[in-house]
Structures are given as C-alpha cells and as structure tokens.
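Working through the structure, step by step
Chain residues, written in single-letter form:
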Amino acid sequence: MSIVAGMDDDAPATPAGPTPEATGHRPVLLHPLIENLQPRPGQTFIDGTLGAGGYVAAFLERLRPGGRILAIDRDPAAVAQARQRFAADGDAVIAVHGNFAEMESIAAANGIGNVNGVMLDLGISSLQLDDPVRGFSFRFDGPLDMRMDGGSGESAADIVNGWSEADLAALIRTYGEERFARGIASSLVRHRADRPITTTTQLREIVERTIPRRFWPKRIHPATRTFQALRIEVNHELESLNAGLQAAIRILRPGGRLGVVSFHSLEDIIVKNALHVSAQNCLCPPQQTHCTCAHRASLLLLSRKAIKPDVAELASNPRARSARLRIAEKLDDVR
C-alpha cells in the first residue's frame, strides 16, 4: 500500500533526501475505505496490494475475533516483512508472494473461497520507493530496475537501452502522458549511443535536460511521467489491473464489497470502466431495440463519483492529492 501518488508526484524539482511523508507509512484514504467496506468480526478479506501492511493492520482490528486477511504482494520483501510483523496473529493474516490478478488461485491454495471484501491500493509502496537498489525513484541514485517482483523479466534499463526510439516515444506518451515524449526518446537513444543508461540519476538528468525549464510541471518533478511509464511497462501493471478487477468481482460473495484506490488517470479509467460495465444489465448498442448480449449486472456502484481525500488528509499527507477511491458491492447471484 502506498503513501505516494503514482511516482514521486510531489517530489521537489531537485533531488532531496527522504521526507517524513516518504519514510512514514500512511495508508491513503484508509478511513473512507473502512467506512465503505464495513469489515466485521469473523469476516474474510483480501488485500491484493499488501505493501507495508497499513490496511491489513487497520482492517484486522475490525475483523477480530475470527476474521482473516489474505494479503498478496508482488514484492517478496513486503511479504517477508508482513510475515514478521503479523507473526503473533497466526492464521489471521496470510501473507503470500504473488500477483493480485491471480487472487482466485492464491485464495484457493490457502483454503479461502468467496470473501467479504477486496481492497486494492494501486500506488507504488514506500518500501520500494525508498530503496535505492530497486530503482523506482529519481530521488536516489541506484540501478535502473523497477521490477516489483524481485528480478524477473525486463528491467527499465533493458527497455531504455534496447527499445527503438519510436517505441520509447509511444511508451512514454501513452503510459506517462508526457507531452515531450518524442524529445525524451530521442535524447535516450542519443545518450545510449555513447554509454548505456543504467542508473536512475542518468535517466533523471537526461529528462531534465530535454524538457525546457519553462515547461517543467509546477507540482511534480519533470522526470515523474517518464519514470511512471517505465514502471508500468516493466511490471505490466495495467494488464494485471484488468485481470485483477475481474478476479476480485468473481471472488466476492453476494453483499461483499470491492474498494480500489488509484493514483493516476490511466488506472482510474480502467477501474471506472470495469466497475461501470459490471454494474450494467445490458451492453448492447443503445440503438438496438432488444438485448441480445445476455449480460447481467454483478455489481452495484455505491458511489457514482470517486471518493477523494478530504482537507484533513491532504494537510497531513500532501502526497495523497491524486488518490481516488471507487467502491462497489457484489449483487446477489439471482439478480
């Protein structure tokens, strides 16, 4: 679970050491998540994005006695830390290394069937962001890695040094929503011709030099969007999100609730669309007079608009600024 908005969204324009917000663990939108998911003693929940365990700790207090939480994370370090932190809780917390897109099979392997609630916090964990070795943040000099699951698959350095200029530009433009994507891609190709781009500092400085100073964003570092785009691609985050949302809907029991916290527009659009589709009784074109799709609603949207942090939360944790929470409830099977 994250205290950050996407990737260093509120970091200063020049490198700095860790701030209290970066090193402290503050689960975003925790209180509205609890209010809407309504955990009760004896229930079973899934936290698909364990992180530092902030949601797990808060929900566990309300699930006692007899409740359980299956906590999943792609980062083995987060799982190891959670197992140590919640060791005294025994079987009440089951921490598992895996992808929340596979939560159904993970739940079955741990003797869990349909659950009362599922929560997903899509922000990057402070555990990852504050570790220079992981290569997620431009605030520290470290290897350009960004792999959440500990080293499998293509790294950010592999992409930066191996992809074509056109593909890099498309990636940064699509996943980073960066207006200077073409220029950044051109700079990357030019710099890697002299020597490989292997560190976060190299990448940050290339982006800083490419984007004209007068066009630097006021509230985020100019490298934020490029780092975000690479992280999303390295970890196949949007594909996992689509699969994870459908898995969460299936594993909920009737009356169970799903809460998803997102931090940037690409995530929120996927969440919003998935929930809205699942809340409709027909997906046929509006001009069609009779339904032929046989689609039936499986969710009830509990709020048409995303829930945002209130003034008090923003005052204590400015990095929550871009967070959005969407809530839905599983309908009875007969509906």
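To keep things clear, this report deals only with the structure shown in the data block.

1. Observations regarding the overall build of the protein
Counting its regular elements, the protein contains 14 helices and seven strands. In the protein, the proportion of contacts linking residues at least 24 apart, taken out of those at least 6 apart, comes to 70%. Summed over its atoms, the accessible surface of the protein is roughly 14600 Å², and 51% of this surface lies on carbon and sulfur atoms.

2. As for the sheet that holds strand β4 (residues 115-121)
Ordered by their spatial adjacency, seven strands build an open sheet running β3-β2-β1-β4-β5-β7-β6, and the pairing between neighbours is mixed. Looking at strand neighbours, the two that pair on one side only are β3 (93-97) and β6 (299-301), the edges of this open sheet. Neighbour-to-neighbour, the strand axes of the sheet open up by a mean angle of 20 degrees, direction not taken into account. When strand β2 (residues 68-73) meets β3, the two strands line up parallel, connected through five bridges.

3. Observations concerning helix α13 (residues 265-278)
Taking 1.5 Å per residue as the helical rise, α13 with its 14 residues ought to reach 20 Å, and the 20 Å between its terminal C-alpha atoms agrees with that figure. Buried within α13 are the following residues: Leu266, Glu267, Asp268, Ile270, Val271, Ala274, Leu275 and Ser278. Of the surrounding secondary structure, the elements contacted by the buried residues of α13 are α8 (165-176), α11 (224-235), α12 (237-251), β5 (252-262), β6 and β7 (324-330).

4. A look at the nonpolar core
Ranked by size, the top nonpolar core spans 61 residues in total, and within it Ile46, Leu70, Met103, Val118, Leu188, Leu245 and Leu258 carry the most contacts. Per-element tally for this core: the top contributor is α12, with seven residues. Contact partners of methionine 103, with chain neighbours within four places excluded, come to Ile46, Ile72, Val118, Leu120, Gly244, Ala247, Ala248 and Ile251. Judged by nonpolar contacts, the second largest core, of 30 residues, contains Leu60, Ala82, Met119 and Ile307.

5. Observations concerning the pattern of salt bridges
Opposite charge on two side chains permits pairing when their charged atoms draw close. Under the defined criterion, the tally for this structure stands at nine salt bridges. Note that arginine 326 and aspartate 268 form a salt bridge whose closest N and O atoms lie 2.8 Å from each other. Residue arginine 326 is located in strand β7, and its partner aspartate 268 is located in helix α13; the two are separated by 58 residues in the primary sequence. Taking the relative accessible area as the measure of exposure, aspartate 268 reaches 14% and is therefore buried.

6. Topic: the packing of aromatic side chains
Taken as a whole, this structure holds two aromatic pairs when the rule is applied. Note on phenylalanine 45 and phenylalanine 59: the rings are 5.5 Å apart at their centroids and 50 degrees apart in plane angle, and the pair reads as tilted. Of this pair, phenylalanine 45 sits in strand β1 (residues 44-47) while phenylalanine 59 sits in helix α3 (residues 54-63), and the two are 14 residues apart along the sequence. Given a relative accessible area of 0%, phenylalanine 45 falls into the buried group. On the numbers, 5.5 Å between centres and 50 degrees between planes, the contact of phenylalanine 180 with phenylalanine 215 is tilted. Of this pair, phenylalanine 180 sits in the loop between α8 and α9 (181-194) while phenylalanine 215 sits in the loop between α10 (200-210) and α11, placing them 35 residues apart in sequence. By relative accessible area, phenylalanine 180 is classed as buried at 18%. You can call phenylalanine 215 partly exposed: its relative accessible area is 33%. Over the face of the ring belonging to phenylalanine 215 we find arginine 179, whose NZ or CZ atom lies 4.8 Å from the ring centre. Over the ring of tryptophan 216 we find arginine 213; its NZ or CZ atom is 3.9 Å from the centre of that ring.

7. Let's talk about the side chain of serine 322
Within the secondary structure, serine 322 is located in the loop between α14 (311-316) and β7. In this structure serine 322 comes out as buried when scored by relative accessible area, which is 14%. Reaching out from serine 322, the side chain makes a polar contact with the backbone oxygen of phenylalanine 263 at a distance of 3.1 Å.

8. Details of the state of the cysteines
Following the criterion strictly, the structure yields zero disulfides and no others. No disulfide involves cysteine 282; its nearest neighbouring cysteine sulfur is the one of cysteine 291, lying 3.4 Å away. Exposure remark for cysteine 282: the relative accessible area of 30% places this residue in the partly exposed category. As a non-bridged cysteine, cysteine 293 has cysteine 291 as the owner of its nearest cysteine sulfur, 3.6 Å distant. Look at cysteine 293 and you get partly exposed, because its relative accessible area is 31%.

9. Quick notes on the pairing of β4
Where burial is concerned, most of β4 is hidden: seven out of the seven residues are buried. By the bridge criterion, three bridges tie β1 to β4 in an arrangement that is parallel. Bridging across to β4, phenylalanine 45 finds its partner in glycine 117. As defined by bridge partners, β4 adjoins β5 across six bridges and the pair is classed as parallel.

What counts and what doesn't
Residues numbered from 1 in each chain as written. Predicted model: local features only at pLDDT ≥ 70, side-chain atom pairs only at ≥ 80, totals over all residues. Heavy atoms only, no water. Helix = DSSP H or I, 4+ residues; strand = E, 2+ residues; numbered from the N terminus. Contact = heavy atoms within 4.5 Å. Areas by Shrake-Rupley, 256 points an atom, 1.4 Å probe, with all protein chains shown as cover. Pairing = 2+ DSSP bridges. Axes fitted to C-alpha atoms, helices over the stretch in contact; angles between N-to-C directions. Expected span 1.5 Å × (residues − 1). Buried < 20%, exposed > 50% of the residue type's maximum accessible area, 1.4 Å probe, protein only. Core = buried A, V, L, I, M, F, W, Y, C linked by side-chain atoms within 4.5 Å. Salt bridge = Lys/Arg side-chain N within 4 Å of Asp/Glu carboxyl O. Phe/Tyr/Trp six-rings, centres within 6.5 Å; stacked < 30°, edge-to-face > 60°. Lys NZ or Arg CZ within 6 Å of the ring centre and 35° of its normal. Polar contact = N/O pair within 3.5 Å; in protein donor to acceptor, adjacent residues only side chain to side chain. Disulfide = S-S within 2.5 Å.

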